[in-house]
Amino acid sequence: MERRPGVPRLLREINDRAALELLLDSGPLTRGQIGELTGLSKVTASQTLARLEERGLVEVAGEQAGGRGPNAALYGIIPSSAYVAGLDVGPEFVTTAIADIHGEIVAEVTVAPNGHDDPVALVHSAVVKACRSAKVALSKLRSVVIGTPGVVDPRTGDVRFSFDLPGWHEGIHEALARDLRRDIKIENDVNLVAVAERALGAARGVDDFVLLWVGRGIGLGVVLGGRLHRGRSGSAGEIGYLPVPGVPLAADVRAVPGRLPSLAGGLQSLVSAEAVAELAATHGFGGGGAAECVAAAVEAGERGEPLLDEIAERLALGVASVSVVLDPGLVVLAGEVSKAGGGALTSRIEEAVARICPVRPQVVASEVEGNPVLRGAVLAALEQAREEIFAP
């Protein structure tokens, strides 16, 4: 690399990164504004912008009218300088979103497995269709992040176990990277919801919180010090297996070839979607899925309160157990059951936790719109891509 006297390479890299981060957060900006907000001199700001233009990252995006003299050029990051893909992989559908470097979604495509359980072929097809819809070449993708249910080993990047996706196993990470010819990342779906919640939802700016997902299954995303806590094996947050009073322990959770482990017992047997639907039926709210039953109970007013009270008491067992260990301060409730219950459910959980636990966290409903797993996957992919772009 060229070395100019008095301008060390490291300093140029720091200046380039500062300008890029500023333009991503606040752009487009004039040369003068960039200098003022970064502390760079006019000459250094000009040199920085020239380097970024040469790298194909920045362009003149307009003009800003001033007082006397010519209008000042506005500089912005070129949206097409990089694209990312985020995927939400489930047993029934795979949804892929393509976003530009600003995070703008340019295409979203959903495909059904239709009996094909080969993860590599499924993901390849989903990504290619999304790129085609976005009119973006596959080679333009800087980062791909895939959200899946199950335990993802942070040491290898592979899915160690997924009840819903038995075809996802050790070696899939490498096979996907080889097929797509780029680095990919597989992440637990609830962890990605926590990423989305911290960036866009009820946990914006919060460094310590937990996100409790209540839907078909139950899971926990843990954020400590502003970072996801995955645990040594990636199993942090598998709260469905939490032993709770009055409920049998799971018989055998070991994954054995040819046999799925038992999901009976533990907290999941109390608050999974199936358990909530069964409970709702005993309160006269049967005939639909768990979310529909909970929504009906909220709509029913006083008649639905006993059902909401019992669901809250059950969920409070999990929240209290987490709170006395982590003391998170904030608990975000997410998932279809949580969304249906809204404030009527979160307020009850907060009160129930306070009765059985010396720690009283604030319990709030998720505020992330749309598909939260997909939003989290795109955000994680953007973080990776931007780190790559910020590098010289």
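A quick note: this is a predicted structure, and the numbers were derived from the prediction, not measured.

Time to look at the side chain of Ser338. Along the chain, Ser338 turns up in helix 11 (residues 336-356). Using a relative accessible area of 2% as the deciding quantity, one classes Ser338 as buried. Setting aside residues up to four positions removed in sequence, Ser338 forms contacts with Leu212, Val214, Leu333 and Leu345.

Before going further, it helps to spend a moment on the pattern of salt bridges. For the structure shown, the criterion picks out 15 salt bridges. Note that Arg17 and Glu387 form a salt bridge whose closest N and O atoms lie 2.5 Å from each other. One end of the pair, Arg17, is in helix 1 (residues 9-26); the other, Glu387, is in helix 12 (residues 372-390), with 370 residues separating them in the sequence. Overall, Glu387 belongs to the partly exposed group, its relative accessible area being 41%. The salt bridge partner of Glu310 is Arg314, with a shortest N-O separation of 3.6 Å. Here Glu310 and its partner Arg314 are both found in helix 10 (residues 305-326), four residues apart, which amounts to about one turn of the helix. According to the relative accessible area criterion, Glu310 is partly exposed, its value standing at 31%. Here the salt bridges do not stand alone but share partners, grouping Arg17, Glu21 and Glu387 into one network.

So, on to the sheet that holds strand 2 (residues 58-64). The strand order across the open sheet formed by three strands is 1-3-2, and the pairing between neighbours is antiparallel. Taken across any chain shown, the strands that pair with only one partner, and hence form the sheet edges, are strand 1 (29-30) and strand 2. Relative to strand 3 (residues 72-77), strand 1 is paired through two bridges, and the arrangement is antiparallel. Residue Thr30 lies in a different strand from strand 3, and its bridge partner there is Leu74. Running at roughly 95° to strand 3, helix 1 makes contact with strand 1, strand 2 and strand 3 of the sheet. On top of the sheet, helix 3 (residues 42-54) reaches strand 2 and strand 3; it is set at about 125° to strand 2, its chief contact.

Calculation notes
Residues numbered from 1 in each chain as written. Predicted model: local features only at pLDDT ≥ 70, side-chain atom pairs only at ≥ 80, totals over all residues. Heavy atoms only, no water. Helix = DSSP H or I, 4+ residues; strand = E, 2+ residues; numbered from the N terminus. Buried < 20%, exposed > 50% of the residue type's maximum accessible area, 1.4 Å probe, protein only. Contact = heavy atoms within 4.5 Å. Salt bridge = Lys/Arg side-chain N within 4 Å of Asp/Glu carboxyl O. Pairing = 2+ DSSP bridges. Axes fitted to C-alpha atoms, helices over the stretch in contact; angles between N-to-C directions.

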